[in-house]
Amino acid sequence: MMTGIMAAKILYVEDNPQNMRLVRKILGNAGYDMVEAVDGTSGLEMAAKEMPDLILMDINLPDMDGLAVTNRLKENPQLAHVPVIALTANAMHGDRERFIASGCDGYLPKPITKAELLQTVAHFLKQTKRESQ
Ligand code: MN
């Protein structure tokens, strides 16, 4: 497999069209391949179908809590290794700890900034690559 020359695939589970548009632009410009889901149910389906290298997970989704979606992903042996980055607005003290305890690998507060997003994505993609070697 020539994965080294393929763009990393990132799944973004997000119900807010503005956030989706922003992240699509940032990741697209940076050369990533992005796939999208607008709720937890389709997020789980897309993850199984697309086998992304990384997942960005909105916590407030219309059908399920993003943490519940993350739990389900981590229960799937084929997807458990995929890093999940939680995204949420109105971050509260203790959120990061709560998200990590729920199986998320990282956390990004909204509003999303280009620099923070790209830095976090690159960090977790590097980590996955190292672990799989
Ligand atoms: Mn939301």
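Everything here concerns the structure above.
Here the structure is a predicted model, which is why all the values come from computation and not from measurement. (Residues numbered from 1 in each chain as written. Predicted model: local features only at pLDDT ≥ 70, side-chain atom pairs only at ≥ 80, totals over all residues. Heavy atoms only, no water.)

J.: Help me out: how do you make sense of the coordination of the manganese ion in this one?
T.: Note on metal geometry: ideal angles are 109.5 degrees for four donors arranged tetrahedrally and 90 or 180 degrees for six donors arranged octahedrally. Within the protein, Asp 15 (OD), Asp 58 (OD) and Asn 60 (O) serve as the donor atoms for the manganese ion, at 2.0 to 2.2 Å. Along the chain, the residues that donate to the manganese ion are spaced as D-x42-D-x1-N. Placement of Asp 15 in the loop between β1 (9-13) and α1 (17-29) and of Asn 60 in the loop between β3 (54-58) and α3 (66-75) is noted, with a sequence separation of 45 residues between them. What makes Asp 15 partly exposed here is its relative accessible area of 36%. (Donors = N, O, S within 2.8 Å, 3.2 Å for Na, K, Ca; no water. Helix = DSSP H or I, 4+ residues; strand = E, 2+ residues; numbered from the N terminus. Buried < 20%, exposed > 50% of the residue type's maximum accessible area, 1.4 Å probe, protein only.)

J.: What am I meant to see in the packing of aromatic side chains here?
T.: When we look at a pair of aromatic rings, we describe it by the centre distance and by the angle of the planes. All chains considered together, the criterion is met by 1 aromatic pair. Centre to centre, the rings of Phe 99 and Tyr 107 are 5.2 Å apart; their planes meet at 55 degrees, and the pair counts as tilted. The same class applies to Phe 99 as to Tyr 107, namely buried. (Phe/Tyr/Trp six-rings, centres within 6.5 Å; stacked < 30°, edge-to-face > 60°.)

J.: Any chance you could explain the pattern of salt bridges here in plain terms?
T.: In the structure shown here, the tally under the stated rule is 7 salt bridges. Taking the shortest distance from any N to any O, the salt bridge between Lys 110 and Glu 14 comes out at 2.8 Å. Taken together, the residues Lys 110 in the loop between β5 (106-109) and α5 (114-132) and Glu 14 in the loop between β1 and α1 connect sequence positions 96 residues apart. Residue Lys 110 is classed as buried on the basis of its relative accessible area, which comes to 16%. Given the relative accessible area of 1%, Glu 14 is considered buried. Where Asp 105 meets Lys 74, a salt bridge forms, and the shortest distance between an N and an O atom there is 2.9 Å. Pair noted here: Asp 105 is in the loop between α4 (95-101) and β5 and Lys 74 is in helix α3, with a separation of 31 residues, a long-range link. It is possible to trace a salt-bridge network through shared partners that takes in Lys 9, Lys 49 and Glu 50. (Salt bridge = Lys/Arg side-chain N within 4 Å of Asp/Glu carboxyl O.)

J.: Is there a simple way to think about the pairing of β1 in this case?
T.: A regular strand carries its side chains on alternate faces of the sheet. Burial runs high along β1: 5 of the 5 residues are buried. Burial along β1 is two-sided: the residues Lys 9, Leu 11 and Val 13 and Ile 10 and Tyr 12 are all buried. Regarding topology, α1 serves as the crossover connection from β1 to the parallel strand β2 (residues 33-37), and that connection is right-handed. Taken together, the 4 bridges between β1 and β3 define a ladder with parallel strand orientation. The partner of Tyr 12 across the bridge, within β3, is Leu 56. (Right-handed = clockwise from strand over helix to strand, strands pointing away. Pairing = 2+ DSSP bridges.)

J.: Is there a simple way to think about the side chain of Thr 88 in this case?
T.: Along the chain, Thr 88 turns up in strand β4 (residues 84-88). Aside from chain neighbours lying at most four places away, what touches Thr 88 is Ile 59, Asn 60, Asp 95, Phe 99, Tyr 107, Leu 108, Pro 109 and Lys 110. (Contact = heavy atoms within 4.5 Å.)

J.: What am I meant to see in the sheet that holds β5 here?
T.: Remark on secondary structure: sheet strands pair via backbone hydrogen bonds, oriented parallel or antiparallel. A sheet is described by the order of its strands in space; here 5 strands give the open sequence β2-β1-β3-β4-β5, paired in parallel fashion. Pairing within the sheet leaves two strands with one partner each, and these edge strands are β2 and β5. Taking each pair of neighbouring strands and ignoring which way they run, the sheet shows an average axis angle of 20 degrees. Together, β1, β2 and β3 form the strand contacts of helix α2 (residues 40-50), whose direction differs from that of β2 by roughly 145 degrees. The strands that α3 touches are β3 and β4; relative to β3, the one it contacts most, it runs at about 155 degrees. (Axes fitted to C-alpha atoms, helices over the stretch in contact; angles between N-to-C directions.)

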